[in-house]
Amino acid sequence: MTIAVAPTLALAADDDDMAFFEKKIRPVLVEKCYSCHSADAKTLRGGLLVDSRDALLAGGDSGPAVVPKKPDDSLLIQALKHDGFEMPPTGKLSSETIADFERWVAIGAPDPRLAKPAENKRTIDIAAGKKYWSFRPIERRKPPRVRDSKWAFGSIDRYLLSALEAKKLKPNADASRSAWLRRVTYDLIGLPPTPEEMDAFLASFPPSLDPSISPSAAGDRGTERDGGQDPYAAVVDRLLASPHFGERWGRHWLDVARFAESSGGGRSMVFDEAWRYRDYVIAAYNADKPFNRFVMEQLAGDLLPYSSPQERADNLVATAYLVLGAINYEEQDKQMLEMDVIDEQLDTMGRGMLGMTLGCARCHDHKFDPIPTSDYYAMAGILHSTKVLTHSNVSHWIERPLPMSDDLKTASEAHAKKVKALEKEIAAAEKLVKSLKPEGSMPAGPLAAEKLPGIVIDDSRARVVGAWRKSTSVGNYVGDGYLTDEGQGKGTKTVTFQPEFKKAGMYEVRVAYSAHANRAKAVPVAILHADGEFSGTIDERETPPIEERFVSLGKFRFDDTNQWFVLVSNEGTTGDVTIDCVQFLPVDEGTPAAGESPEAKVAAVSRNPKRRAADEATKNLAALQKELKKLQAAAPYVPAAMSVDEGEKIEDCPIAIRGNVHHPGPVVPRGVLQVASVGPLPEMPSDRSGRLELAEWVASPENPLTARVYANRVWHWLFGSGIVRTVDNFGTTGELPSHPELLDYLAARLIDSGWSTKALVREVVLSHAYRLSAEENRAATAADPDNRLLARMPRRRLDAESLRDTMLVVAGRMNWSFGGPTKGETKGDRSKPETPTEYSHVFTDVRRSVYTPAFRNRTMELFEAFDFADANTVAGRRNVSTVAPQALFLLNSPLVMDLARDAARLALAEAELSDGQRLDLAFRRTLGRSPSASERQTIAAALGEGWNQSLDERQARWERVFQALFGCIDFRYLE
């Protein structure tokens, strides 16, 4: 990276000028600036040094601080004047001092100080950075030779055994077959093996071998059967083919993709269509979609070619990966909001796909890794040229329509045709209303009451009962605003308008209110008039038909006794009630016949013909608008996906000085990480964002990071710890790999297999290392306390989803349906999928836990207790805590108690079983093993004799048995 630096000017200052510097300038710099901007500063701010002339001329992150003889162009002078920058931050200097600095710069900035010889700025050496292990090309080596070659089933085992033998350590004996089956079943599908699967697996070995004996004790290598498939491989292949594989492994990726169904901060908004991305990920894992293709679809699926509507739909849905972040859509600084979204996208892609903390380079060159700020903004330019948001007061993510079936397309086109015709009719009606509008009609916006004809009583002159709040949110109000009950205190609030009539006669009563979708649809209004009482309601969701301010309640007779009133209340309403003012317009009366009713009097009123025509046109327009709203509500549901699109403007991005988008620096051409690139950098097109090129670079087999990071994730998901334990950080602040050659082997195998996740998983779980027991190995523990060399299988706690899913299965409550919208309250039209609301959602769904709503502000209690992934960030490695509240939760949670009750009912329903058989089945379903002799004895004593117990007592005792099984440590942990 080349930085242009202003050349040092030869000193040609006379003694007076130098004396001026020493007297007026140096003391201020020392006192006010050196603490943050000198070589001796504890923390250098803004990359700027002011303790030498060369440093001032070179400047900091924002460019040269001083331009000799040009005070107006010198950032130092601007900062002292608090023009853009504000220095010193403790307060503005006096005008005299600032004038001294201006004079000093104007005379050429004379300064005798020389820079210290030490280098003040850290420079990034990309070529040197490429020598770090994670940036080197993936190497394909021959596996090492080992002394105990019979122990190794394949290359994975040779790499591991070689490291153990180098430390003179031996691996553990193998786990029991039942322990291995439970382990691999949870790891591959997240569910317990059924008793039938356990029996079939144990029966698949030769009868000469006792299934209860440890495989190692019997010399088992998994190949005892003559002429048949390896029983271990048969189990693995069955599990890989299960549709539950995608549910388990898709959940792993959802952690990495920080998947959530709400936006989090600010006004948390529900992502109604996020479930499509979840289902896409699950389907991708079930289909064993090549991981490089999986990556490309998520970064640039909308730009990829497709051969079918389904492929197009998948490609669009995949790009929700870029949209699902925790974002405050209420941010009013839209430029900053867009940069925050880009930063979140880069951080997610960086840590999730590349194992790099890219976000650290937003404000300055990365402090630890060879990532200059220019590389960050090179990639930011690609995403800056991508459309992600639509802006209004509260911004919104983009949703793009998905391909439709022929029937839906026909229905949608027919509906659109009706809407277009009605909109054309409304446009004509609006034109007519405008042409008939009488002279002197009201202008839009706030209006003074005295400018309206008739008698006008504003809310400020009304008698108010209850806590109404003044508002000016909606602009067409009279006076200084309108009143709102804020949807609270229903039945306790009224507003009474009492006019003074100087002349008796007929008056049209008009009420002004503020319309909105959240308003009440039946606001009670009562009128006391000379001929009796009137009561009615106003639908405040509808725009007022008269001048978009008033609705007419009719014509009524009033006299000058001034006892008459109009009363508005909020009784029985749902939604906000608003009230602005009431207008009484005098109406010329005809001569009614004797005894004529008030209604007849109203009908007899003569009106101005133009006014009558205008009112009729206005009513017709309101009816058409109401019809349009009804038609739009009945629109066929057109499926849509959270997605992105190419930006309207393709352009490179300027570096934001100190990360502040309002302080732009030099523009950086779009590009990728230099340190992780092999060969020429990809060229960015001038007419497209470059997102496709970015995706191709990330998914390239030449990229040294992507395959390594993903292979390491697969290992982490199977062993509970990665070869690189900091699975989201392959930089210099992350941990070094315990077996770097093995990691390269796995990455190469991933690439060579066509980026197949299932092939890699199969090879790992069929290794001998995966078959080891989790029992303590004292010699290995002494030499390798963290078990980095894997002399034994790590003992692992089940995650929250596996715990819940197992209890549902044991209780017979599991709903095995796949995919679809997240279950919750219905929003909007019932023809649309049901969607949850974050705060009111009740977690009652009994499908697999991967389908449980993943909100950012609310988490199912069980998930919270057992370390569910933090959806606000990439969570390649979940926290795994072991704390007392977890055991207490399993013993006291109403959910666990209910499931224990259902499990007991299910067990007792099998009437042909004895209690001993029933107990054995309960253990095998819950713990994956039979009870020990002592466990049988203890539980039998607790159960008592069934023949002398009531049905309720037997049920209660079996409930306690299942609750004890759910609460025991063997249930929570994998051996």
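Residues numbered from 1 in each chain as written. Predicted model: local features only at pLDDT ≥ 70, side-chain atom pairs only at ≥ 80, totals over all residues. Heavy atoms only, no water.

A.B. asks: I tried to follow the overall build of the chain on my own but got confused; where do I start?
C.D. replies: Looking only at helices and strands, the chain has 32 helices and 21 strands in total. For the C-alpha atoms alone, the extent of the chain along its principal axes is close to 120 × 110 × 55 Å. Intrachain contacts of the chain at a sequence separation of at least 6 include 71% that bridge at least 24 residues. Carbon and sulfur atoms provide 52% of the accessible area of the chain, an area that totals close to 44800 Å². Put simply, the chain has 124 plus and 137 minus side-chain charges, and the middle of one group is 2 Å from the middle of the other. (Helix = DSSP H or I, 4+ residues; strand = E, 2+ residues; numbered from the N terminus. Contact = heavy atoms within 4.5 Å. Areas by Shrake-Rupley, 256 points an atom, 1.4 Å probe, with all protein chains shown as cover. Lys, Arg positive; Asp, Glu negative; His and termini not counted. Charge placed at Lys NZ, Arg CZ, Asp CG, Glu CD.)

A.B. asks: Sorry, what's going on with the nonpolar core here?
C.D. replies: Inside soluble globular proteins, nonpolar side chains tend to come together where they are buried. Formed by 141 residues in total, the largest nonpolar core has its most connected members in Leu188, Trp253, Tyr277, Met349, Trp715, Leu718 and Leu746. Excluding residues that lie within four positions of it along the chain, Leu718 makes contacts with Asp187, Leu188, Trp249, Val761, Val764, Val765, Tyr770, Met793 and Arg796. Ranked by size, the runner-up nonpolar core spans 35 residues in total, among them Leu803, Leu808, Ala907 and Leu974. (Core = buried A, V, L, I, M, F, W, Y, C linked by side-chain atoms within 4.5 Å. Buried < 20%, exposed > 50% of the residue type's maximum accessible area, 1.4 Å probe, protein only.)

A.B. asks: Explanation requested: the sheet that holds strand β10 (residues 523-529) in the structure shown.
C.D. replies: Backbone-to-backbone hydrogen bonds pair the strands of a sheet. The strands run either parallel or antiparallel. Within the open sheet, the 5 strands sit side by side as β5-β8-β13-β10-β11. Their pairing is antiparallel. If you trace the sheet from one side to the other, it starts and ends with β5 (463-465) and β11 (532-538), each paired once. Looking at each pair of strands side by side, their axes are set apart by 15° on average, direction ignored. Strand direction decides the pairing type here: β10 and strand β13 (residues 565-569), joined by 4 bridges, are antiparallel. Across the sheet, Ile527 pairs through a bridge with Val566, a residue of β13. (Pairing = 2+ DSSP bridges. Axes fitted to C-alpha atoms, helices over the stretch in contact; angles between N-to-C directions.)

A.B. asks: Looking at this structure, I do not really get helix α8 (residues 195-203). What am I missing?
C.D. replies: Count 3.6 residues to each turn of an α-helix, and residues three or four apart come out pointing the same way. All of the buried residues in α8 are Pro195, Met198 and Phe201. Projection of α8 onto a plane perpendicular to its axis shows the buried side chains occupying an angular sector of 125°, all on one side. Counted as exposed and oriented over 90 degrees from the buried face of α8: Glu196, Ala200 and Ala203. In this structure, the buried residues of α8 make contact with α7 (177-189), α9 (231-241) and α29 (915-927). (Arc of directions from axis to C-beta.)

A.B. asks: Mind showing me how you'd approach the confidence of the model for the chain here?
C.D. replies: Reading fine detail from the predicted coordinates is not recommended where pLDDT is low. Of the residues in the chain, 90% reach a pLDDT of 70 or more, and the chain-wide mean stands at 88. Contacts of residues 589-607 to residues separated by more than four positions or lying in other chains number 15 contacts, the stretch itself having pLDDT below 50. (pLDDT = per-residue confidence, 0-100.)

A.B. asks: What am I meant to see in the sheet that holds strand β4 (residues 455-458) here?
C.D. replies: The antiparallel open sheet is built from 4 strands, whose spatial order is β4-β15-β9-β12. Both edges of this open sheet fall to β4 and β12 (550-558), since each of them pairs with a single strand only. When the angles between neighbouring strand axes are averaged without regard to direction, this sheet yields 20°.

A.B. asks: Can you walk me through the pairing of strand β16 (residues 640-643) in this structure?
C.D. replies: Walk down a regular strand and you will see the side chains alternate between the two sheet faces. Across the two faces of β16 the burial is the same, with Ala640 and Met642 and Ala641 and Ser643 all buried. The pairing of strand β3 (residues 396-401) with β16 spans 4 bridges and is classified as antiparallel. Across the sheet, Glu399 pairs through a bridge with Met642, a residue of β16.

A.B. asks: Just checking my understanding: could you explain the environment of Asp407 for this structure?
C.D. replies: Among the structural elements, Asp407 can be located in helix α16 (residues 406-436). Measuring from C-alpha to C-alpha, the distance between Asp407 and Arg856 comes to 37 Å, with 449 residues separating the pair along the chain.

A.B. asks: Looking at this structure, how should I read the pairing of strand β8 (residues 494-497)?
C.D. replies: Sheet topology note: the β5/β8 ladder contains 3 bridges and is antiparallel. Residue pairing for β8: Val464 is matched across the bridge by Val495. Pairing geometry for β8 and β13, over 4 bridges, is antiparallel. Paired with Thr494 across the bridge in β13 is Ser569.

A.B. asks: What am I meant to see in the pattern of salt bridges here?
C.D. replies: Note that side chains of opposite charge can pair when their charged atoms are close. In this structure the tally under the stated criterion is 62 salt bridges. Here Arg140 and Asp752 are joined by a salt bridge, their closest N and O atoms 2.9 Å apart. With Arg140 in the loop between α5 (126-129) and α6 (155-166) and Asp752 in helix α21 (residues 740-752), this residue pair connects regions lying 612 residues apart in the sequence. Both residues of the pair, Arg140 and Asp752, count as exposed. Measuring nitrogen to oxygen at the nearest pair gives 3.6 Å for the salt bridge that ties Asp645 to Arg400. Of this pair, Asp645 sits in strand β17 (residues 645-646) while Arg400 is found in strand β3, placing the two residues 245 residues apart along the sequence. Through salt bridges that share partners, Asp302, Arg400, Asp645, Glu646 and Arg691 make up one connected network. (Salt bridge = Lys/Arg side-chain N within 4 Å of Asp/Glu carboxyl O.)

A.B. asks: For this particular structure, what's the right way to read the packing of α29 against helix α31 (residues 951-967)?
C.D. replies: A pair of packed helices is characterised by two quantities: the angle between their axes and the separation of those axes. It is at 10 Å that the axes of α29 and α31 come closest, and there the two elements cross at 30°. One way to sum up the angle between α29 and α31 is to call them roughly parallel. In the packing of α29 onto α31, the handedness of the crossing is right-handed. Contact residues: Asp915, Arg918, Leu919, Ala922, Phe923, Thr926 and Leu927 in α29; Arg954, Trp958, Val961, Phe962, Leu965 and Phe966 in α31. Of the residues assigned to the contact of α29 with α31, the class counts are 9 nonpolar, 1 polar and 3 charged. (Parallel < 35°, antiparallel > 145°, perpendicular 65-115°, else oblique. Left-handed = near helix turned anticlockwise from the far one by under 90°. Nonpolar A, V, L, I, M, F, W, Y, C, P; charged D, E, K, R; others polar.)

A.B. asks: Just checking my understanding: could you explain unusual backbone geometry for this structure?
C.D. replies: Most peptide bonds take the trans form, and the phi angle of most residues other than glycine is negative. Of note in this structure, Trp755 is not a glycine but carries a positive phi near 60°. One non-glycine residue, Asp867, adopts positive backbone phi at about 65°. Take Asp867: it is sitting in the loop between α26 (861-865) and α27 (884-892).

A.B. asks: What's the story with the packing of aromatic side chains in this structure? I'm lost.
C.D. replies: Aromatic rings considered in pairs are described by the distance between their centres and by the relative angle of their planes. Considering all chains together, one arrives at 41 aromatic pairs under this definition. Centroid distance Phe101 to Trp104: 6.2 Å. Interplanar angle 85°. Geometry classified as edge-to-face. Linking Phe101 with Trp104, this pair stays in helix α4 (residues 95-106), spanning 3 residues, or about one helical turn. A single burial state applies to Phe101 and to Trp104, both of which are buried. The rings of Phe245, Trp249, Trp253, Phe259, Tyr277, Tyr280, Tyr285, Phe291, Phe294, Tyr710, Trp717 and Trp755 are connected pair by pair, giving a single aromatic cluster. One Lys or Arg, Arg771, reaches over the ring of Tyr232 and ends 3.6 Å from the middle of that ring. (Phe/Tyr/Trp six-rings, centres within 6.5 Å; stacked < 30°, edge-to-face > 60°. Lys NZ or Arg CZ within 6 Å of the ring centre and 35° of its normal.)

A.B. asks: Can you walk me through α31 in this structure?
C.D. replies: Compared with the 24 Å implied by 1.5 Å per residue over 17 residues, the 24 Å span of α31 between its first and last C-alpha is a close match. Buried-residue contacts for α31 involve α25 (800-810), α27, α28 (894-909), α29, α30 (933-943) and α32 (969-972). (Expected span 1.5 Å × (residues − 1).)

A.B. asks: Sorry if this is basic, but what is going on with the side chain of Arg804 here?
C.D. replies: Here Arg804 lies in helix α25. Arg804 sits in the buried class, given a relative accessible area of 3%. Each residue touching Arg804, except ones within four places of it in the same chain, is listed here: Asp845, Val846, Arg847, Arg848, Ser849, Thr852, Met860, Leu862 and Phe863.

A.B. asks: I would appreciate a short explanation of the packing of helix α20 (residues 706-719) against α21 in the present structure.
C.D. replies: Their axes nearest at 8 Å, the elements α20 and α21 cross at an angle of 105°. Classified by the angle their axes make, α20 and α21 are roughly perpendicular. Contacts between α20 and α21 involve Ala707, Arg708, Tyr710, Ala711, Asn712 and Trp715 on the former and, on the latter, Leu742, Leu743, Asp744, Leu746, Ala747, Leu750 and Ile751. Of the residues belonging to the contact of α20 with α21, the class tally is 10 nonpolar, 1 polar and 2 charged.

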